[in-house]
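Residues per chain, in single letters:
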Amino acid sequence: QVQLVESGGGLVQAGGSLRLSCAASGSIFSINAMGWYRQAPGKQRELVAAITSGGRTNYADSVKGRFTISRDNAKNMVYLQMNSLKPEDTAVYYCNAAISGYSGRSYSSLWGQGTQVTVSS
């Protein structure tokens, strides 16, 4: 069984920083794109940042210059460094990945359970 587990969420004041981590575990052959999404109350889930296996990144306009996505392929980890946090960044943050497992099993869009980020003003 392959799963994603996020960590690092919490409560922070506006202007502060948090670092989210996501660990992929299980019978993993390779991991393609990985990304972070977020969902605020009453809103749709939205892409925050994504990174390819080769390190190419993509960011939502609202977080450009403040958030940085990175990954450690050897450890099957993806990170989201969030700086200059704003109250509007408050949401549940989800890790997402496209994973190829052994024995031909593939997960085109696997989700973690989410981690809460709350930014107080």
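Cut-offs applied
- Residues numbered from 1 in each chain as written.
- Predicted model: local features only at pLDDT ≥ 70, side-chain atom pairs only at ≥ 80, totals over all residues.
- Heavy atoms only, no water.
- Core = buried A, V, L, I, M, F, W, Y, C linked by side-chain atoms within 4.5 Å.
- Buried < 20%, exposed > 50% of the residue type's maximum accessible area, 1.4 Å probe, protein only.
- Helix = DSSP H or I, 4+ residues; strand = E, 2+ residues; numbered from the N terminus.
- Pairing = 2+ DSSP bridges.
- Axes fitted to C-alpha atoms, helices over the stretch in contact; angles between N-to-C directions.

1. Brief notes about the nonpolar core
- Core analysis: the largest hydrophobic core is formed by 32 residues, its most contacted members being Trp-36, Leu-80, Met-82, Tyr-93 and Ile-99.
- Those elements that place two or more of their residues in this core are β3 (18–25), β4 (28–39), β5 (46–51), β7 (67–72), β8 (77–82), β9 (91–101), β10 (106–111) and β11 (115–120).
- Per-element accounting of this core gives the leading share, five residues, to β9.

2. Notes on the pairing of β4
- Strand direction decides the pairing type here: β4 and β9, joined by nine bridges, are antiparallel. Note on β9: the bridge partner recorded for Trp-36 is Cys-95.
- In terms of strand pairing, β4 meets β5 through five bridges, oriented antiparallel. Residue pairing across strands places Trp-36 opposite Ala-49, the latter belonging to β5.
- In this antiparallel pair of consecutive strands, β4 and β5, the connection spans six residues, and Gly-42 shows a positive phi of 75°.

3. Focus on the sheet that holds strand β1 (residues 3–7)
- Across the sheet, which stays open at both edges, the four strands sit in the order β1-β3-β8-β7 with antiparallel pairing between neighbours. Taken across any chain shown, the strands that pair with only one partner, and hence form the sheet edges, are β1 and β7. With strand direction ignored, the average angle separating the axes of adjacent strands in the sheet is 15°.
- Pairing geometry for β1 and β3, over five bridges, is antiparallel. Residue pairing across strands places Glu-6 opposite Cys-22, the latter belonging to β3.

4. Remarks on the environment of Val-12
- Within the fold, Val-12 resides in strand β2 (residues 10–13).
- For Val-12, a relative accessible area of 12% gives the class buried.
- Separated by 74 residues in the primary sequence, Val-12 and Lys-86 have C-alpha atoms spaced 9.4 Å apart.

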